[in-house]
Amino acid sequence: MADLIQLMTNGLALGSVYALAAIGFVIVYSATGVVNFAAGQFVMVGTFAGVATLLNAGLPMPIGYAGALVAMALFGALFYLVVYLPLRASPIVTVIIGTVAIGITLQNAALLTFGSWPFRLPSPFEGMMIELAGAVVSVHALAVVVATAVMIGLLWLLLHRTVIGVAMRAVAQDVKAARLMGLRVQGLLAFSWILGAVMAGVAGLMLGPMWFADVNMGDPIALKAFAATVIGGFGSLPGAIAGGFFVGLAEVLGASYISSAYKDLIAFGVMILFLLVRPQGIFGEPIQDRG
């Protein structure tokens with residue numbers, strides 16, 4: 001039982017990272033219709049933003065974390081201006097290819113800037129453990145789950161209790177109608193990219209103490225976030241959360257009770273099953289063209 005509690009905690013912590021990455025994925029997709037295949041590289045950039053502020057610059061943790069998130073917000077705005085905005089009139093496939101190309105560019109830029117040697121971000125709860133029902137679990141893992149719950153709550157308040165959130169939901173529902181109603185669509189689309197980048201940055205900062213910060217870390221995260229989005233339902237924030245937790249738990253429990261060689265097979269096997277049986281996912285609406 002103690003082992004199961006420890007594994008569940010680690011799985012939920014890893015699933016929290018996947019959930020935040022998938023939320024950023026869904027926010028951008030809902031607003032623009034673009035499947036951002038650079039989502040994993042967004043998380044990687046967030047991790048290395050932490051490396052730059054905490055390790056290279058040696059800033060105190062509160063200032064370093066804040067600086068990294070500000071950098072991610074600027075990165076999201078730059079991505080919107082450089083990648084999405086010039087390609088917005090192009091077919092969606094062209095924009096998707098653009099995100100793939102930029103993801104590869106970001107990976108190589110990180111390699112040139114930081115090198116191939118992996119880094120490990122310090123945790124505010126470095127070395128701290130707690131006993132929970134006979135299991136010894138990492139305080140950082142518990143903090144990741146709690147922080148993710150707080151982020152999800154703040155995101156819900158933003159989308160449902162603020163003017164800008166209602167406007168974002170209107171744009172996600174129908175871009176043309178939102179424009180006719182006088183909403184500043186381009187500004188809201190830019191904010192969607194910024195918000196997605198910040199969510200990915202939070203995921204990257206939380207992942208840094210659990211994984212080594214490596215320039216190649218973005219690809220597996222992108223695949224897991226995509227699987228979480230498919231399982232939960234494209235365009236569904238509750239689906240992204242549920243899918244992220246499922247993928248994280250499947251990875252950790254599958255590696256422990258089945259085999260580490262097959263830990264990814266469970267998540268991607270379930271994703272394929274959903275594509276065949278219920279392509280809209282758990283919480284998604286039936287698949288249809290965007291209005």
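What comes next is a walk through the structure.

The rules behind each value
Residues numbered from 1 in each chain as written. Predicted model: local features only at pLDDT ≥ 70, side-chain atom pairs only at ≥ 80, totals over all residues. Heavy atoms only, no water. Pairing = 2+ DSSP bridges. Helix = DSSP H or I, 4+ residues; strand = E, 2+ residues; numbered from the N terminus. 1 Å grid on protein atoms, 1.4 Å probe; cavity = no way out; pocket = protein on both sides within 12 Å on 5 of 7 lines; lining within 4 Å. Points joined across faces, edges and corners; volume = space filled by probe spheres on them. Nonpolar A, V, L, I, M, F, W, Y, C, P; charged D, E, K, R; others polar. Phe/Tyr/Trp six-rings, centres within 6.5 Å; stacked < 30°, edge-to-face > 60°. Buried < 20%, exposed > 50% of the residue type's maximum accessible area, 1.4 Å probe, protein only. Arc of directions from axis to C-beta. Contact = heavy atoms within 4.5 Å. Salt bridge = Lys/Arg side-chain N within 4 Å of Asp/Glu carboxyl O. Axes fitted to C-alpha atoms, helices over the stretch in contact; angles between N-to-C directions. Parallel < 35°, antiparallel > 145°, perpendicular 65-115°, else oblique. Left-handed = near helix turned anticlockwise from the far one by under 90°.

Some points on the pairing of strand 1 (residues 129-132)
Okay, step 1: Pairing of strand 1 with strand 2 (residues 135-138), which is carried by 4 bridges, proceeds in the antiparallel orientation. Bridging from a neighbouring strand, Ile130 pairs with Val137 of strand 2.

Thoughts on empty space enclosed by the protein
Okay, step 1: Under the defined criterion, the tally for this structure stands at 1 cavity of 30 Å³ or more.
Okay, step 2: Looking at the largest cavity, the residues that line it are Ala21, Gly24, Phe25, Val28, Asn36, Ala39, Phe42, Trp193, Gly196, Ala197 and Ala200.
Okay, step 3: Looking at the lining of the largest cavity, the elements that each hand over two or more residues are helix 1 (2-32), helix 2 (39-56) and helix 8 (185-207).
Okay, step 4: Split into classes, the residues belonging to the lining of the largest cavity amount to 8 nonpolar, 3 polar and no charged.

Points about the packing of aromatic side chains
Okay, step 1: All told, the structure shown has 11 aromatic pairs when counted by the stated rule.
Okay, step 2: Between Phe25 and Phe226 the ring centres are 6.1 Å apart and the planes differ by 65°, which places this aromatic pair in the edge-to-face class. Of this pair, Phe25 sits in helix 1 while Phe226 sits in helix 9 (residues 218-232), and the two are 201 residues apart along the sequence.
Okay, step 3: Site record: aromatic cluster; members linked through ring pairs are Phe42, Phe75, Phe79, Tyr80, Tyr84 and Trp193.

Some thoughts on helix 6 (residues 163-173)
Okay, step 1: Inspection of helix 6 places Gly165, Ala167, Met168 and Val171 among the buried residues, and these make up the whole buried set. Looking straight down helix 6, one finds that the buried residues subtend no more than 160° of arc, so they occupy a single side. Exposed side of helix 6, more than 90 degrees from the buried face: Val163 and Gln173 are the residues found there.
Okay, step 2: Contact partners of the buried residues in helix 6: helix 1, helix 5 (139-161), helix 7 (175-180) and helix 8.

Examining the pattern of salt bridges
Okay, step 1: What the rule picks out here adds up to 5 salt bridges.
Okay, step 2: For Glu251, the salt bridge goes to Lys224, with nearest N and O atoms at 3.0 Å. Of this pair, Glu251 sits in helix 10 (residues 237-257) while Lys224 sits in helix 9, and the two are 27 residues apart along the sequence. Of the two residues, Glu251 and Lys224, both sit in the buried class.
Okay, step 3: Lys263 is the salt-bridge partner of Asp264, the closest N and O atoms lying 3.5 Å from each other.
Okay, step 4: For Lys263, a relative accessible area of 22% corresponds to the partly exposed category.

What to know about the packing of helix 1 against helix 8
Okay, step 1: At a closest axis distance of 9 Å, the pairing of helix 1 and helix 8 adopts a crossing angle of 170°. With respect to each other, helix 1 and helix 8 are oriented roughly antiparallel. In contact with Leu14, Val17, Leu20, Ala21, Ile23, Gly24, Ile27, Val28, Ala31 and Thr32 of helix 1, helix 8 contributes Leu189, Ser192, Trp193, Leu195, Gly196, Met199, Val202, Ala203, Met206 and Leu207.
Okay, step 2: In the contact of helix 1 with helix 8, the residues fall into 16 nonpolar, 4 polar and no charged.

Considerations on the side chain of Thr148
Okay, step 1: Along the chain, the position of Thr148 falls in helix 5.
Okay, step 2: With a relative accessible area of 1%, Thr148 lands in the buried category.

Topic: the packing of helix 3 (residues 61-87) against helix 8
Okay, step 1: Taken N-terminus to C-terminus, the directions of helix 3 and helix 8 make an angle of 135°; their axes are 8 Å apart at the nearest point. Compared by their axis directions, helix 3 and helix 8 come out oblique. Handedness of the helix 3/helix 8 crossing: right-handed. Every residue of helix 8 that contacts helix 3 at Tyr65, Ala68, Leu69, Met72, Ala73, Phe75, Gly76, Ala77, Phe79, Tyr80, Tyr84 and Leu85 is listed here: Gln186, Leu189, Ala190, Trp193, Ile194, Ala197, Val198, Gly201, Val202 and Leu205.
Okay, step 2: Its residues assigned to classes, the contact of helix 3 with helix 8 comprises 19 nonpolar, 3 polar and no charged.

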